[in-house]
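Given next are the chains, with one letter for each unit.
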Amino acid sequence: MYTKRNYGFWMTFLWSKKAFFTGFIYSISVYILQYLLDIKFSIPWQPISVVGVAVAFYLGFKNNSSYDRTWEARKIWGAIVNSSRSFGAGVVAFVKGENDHQIKKELLYRHIGWLTALRHQLRVGKPWEHRNERVKSNSLPVAPEQVAESILTELKGYLPDAEIEQLASKTNIATQILLNQSVRLQILRDQGYFEDFRHMEFHHHITSFYTDQGKSERIKNFPLPRQYASTALWLTFVFCAMVPLGMNDIFESYENWVRWLAPLLSALLIWVFFLMEKIGDYSENPFEGSYNDVPITTIARGIEIDLREMIDDSDIPGPVVDENGFLM
């Protein structure tokens, strides 16, 4: 996620420059052919403008749908933040007994392990995502396509070796970590570290974590329906293919150098429409680790700091900071 006040114009342009230059080459080719062959390559602008309005409405629908996916993902992880803090406060306040400090640390570290596994799983590339255009950052998981290796390597800082070995054969590691947390809480209840009422509170938190994980996986594993995404792209192509022909119709009555503005204005209009389409395209997948996704690595680090400070832990890492304004 980009956190500075605005993207600079040149940042925006360089990100989408392919559409502008391709549009300009296409537009100038149409104009030169018309000039050299002395054949009229033009269409009245009025019907083209009607198509443009329809395409603009459709792009607006796509962008709204894409934004809803991103905003829902952010709300889900906001709920994870709140529930994690409540769980941490409950662990610190409720767990009482012999060697309770070590048990509190174990429970909180396992929860951080769940956050680690979940964010790694959500970063695994899908066929419909921009897997080759991810922002390069140290805060991103290493080798996201090899999710098992990267998860287990990072989990060594939070879980005992025996538990990591047990998790290695599991398909959904985050789910299994919550299961292990539930089993451990039951054992602690049986050993008298807290009573039934507080055990029910802990189970309520586990249920909440499962719910938020399921919501995140739904967004990750179910893309914006391809018929909507594809139609927006092809309608944009159709409209932009007609733009130079309409511009020729408008500018053919002008004399001298003014007529040569037609290719430039065509390229500008093509760039605007493809920029709108690209914004929606890059907002569809809020967990892919790209420019404007939900910064789940940063959020998870913030939760880790909060939980470890609750037990006065040592060697607490600092917040994830990127001097370029990108948070992952």
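All chains use their own residue numbering, which begins from 1 and follows the written sequence. With the structure being a predicted model, the display of local features is reserved for residues of pLDDT at least 70 and the display and counting of side-chain atom pairs for 80 or more, all residues being used for whole-chain, interface and lining totals. Where side-chain values are given, they derive from all heavy atoms of the structure, hydrogens and water being excluded.

### Notes on the pattern of salt bridges
Any Lys or Arg side-chain nitrogen located within 4 Å of an Asp or Glu carboxyl oxygen qualifies as a salt bridge. Enumeration over the complete set of coordinates arrives at 16 salt bridges. For K62, the salt bridge identified is with E284, shortest N-O distance 3.8 Å. With K62 in helix α3 (residues 45-94) and E284 in the loop between α10 (261-283) and α11 (296-310), this pair connects stretches of sequence that are 222 residues apart. The exposure class assigned to E284 is buried, which follows from its relative accessible area of 1%. Secondary structure elements follow DSSP: runs of H or I no shorter than four residues count as helices, runs of E no shorter than two count as strands, and numbering proceeds from the N terminus. For every residue, the accessible area (1.4 Å probe, protein chains only) is compared with the maximum for its type, and the residue is labelled buried under 20%, exposed over 50%, or partly exposed between those bounds.

### Topic: the packing of aromatic side chains
Note on ring pairs: Phe, Tyr and Trp rings are taken, using the six-membered ring of Trp, and paired if centres are within 6.5 Å. Classes follow the plane angle, with under 30 degrees stacked, over 60 edge-to-face and the rest tilted. All told, the structure shown has 20 aromatic pairs when counted by the stated rule. For the ring pair Y109 and Y158, a centre distance of 5.9 Å and an interplane angle of 65° mean the geometry is edge-to-face. Of this pair, Y109 sits in helix α4 (residues 100-123) while Y158 sits in the loop between α5 (147-155) and α6 (161-167); the two residues are 49 residues apart in sequence, bridging distant segments of the chain. With a centroid separation of 5.0 Å and an interplanar angle of 65°, the aromatic rings of F194 and F202 are classed as edge-to-face. Exposure remark for F202: the relative accessible area of 1% places this residue in the buried category. Ring pairs connect the aromatic residues F9, W10, F13, F20, F21 and W271, which therefore count as one cluster. As a reminder, the over-ring test applies to NZ of lysine and CZ of arginine, requiring each to be within 6 Å of the ring centre and within 35 degrees of the ring normal. Sitting over the face of the ring of W15, K278 holds its NZ or CZ atom 4.8 Å from the ring centroid.

### Remarks on the nonpolar core
The biggest cluster of nonpolar side chains holds 45 residues, and the ones touching the most others in it are W77, W114 and L155. If you list the elements that add at least two residues to this core, you get α3, α4, α5, α6, α7 (173-190), α8 (196-221) and α11. Here this core takes ten residues from α4, the largest share from any one element. Only heavy atoms matter for contacts: two residues are in contact if any of them lie within 4.5 Å across the pair. For W77, the residues in contact, after removing those within four places along its chain, are L115, L118, R119, L122, S216, F287, I296, I299 and A300. What is meant by a nonpolar core is a set of buried Ala, Val, Leu, Ile, Met, Phe, Trp, Tyr and Cys residues, joined one to another through side-chain atoms within 4.5 Å. Grouped together as the second largest cluster of nonpolar side chains are 14 residues, A19, V55, C240 and V243 included.

### A closer look at the packing of helix α2 (residues 17-37) against α10
Between N-to-C directions, angles cover 0 to 180 degrees, with each direction set by a line fitted to C-alpha atoms, over the stretch in contact for helices. The N-to-C vectors of α2 and α10 enclose an angle of 145°; their axes lie 8 Å apart at closest approach. The chirality of how α2 crosses α10 is right-handed. Here A19, F20, G23, F24, S27, I28 and Y31 of α2 lie close against α10, whose contacting residues are P263, L264, S266, A267, L268, I270, W271 and F274. When residues are grouped by polarity, Ala, Val, Leu, Ile, Met, Phe, Trp, Tyr, Cys and Pro land in nonpolar, Asp, Glu, Lys and Arg in charged, and all others, Gly among them, in polar. Looking at the contact of α2 with α10 residue by residue, the classes come out as twelve nonpolar, three polar and no charged. Here is the rule for handedness: rotate from the far helix to the near one, and if that takes an anticlockwise turn smaller than a right angle the crossing is left-handed, while a clockwise turn gives right-handed.

### Observations regarding the side chain of R110
Following the sequence through the fold, R110 ends up in helix α4. What makes R110 buried here is its relative accessible area of 6%. N or O atoms closer than or at 3.5 Å make up a polar contact, with two conditions inside protein: a donor-capable atom paired with an acceptor-capable one, and, for residues adjacent in sequence, both atoms drawn from side chains. A polar atom in the side chain of R110 sits 3.0 Å from the side chain of Q181. Residues contacting R110, with those up to four places away along its chain left out, are Y158, L159, E163, I177, N180, Q181 and R184.

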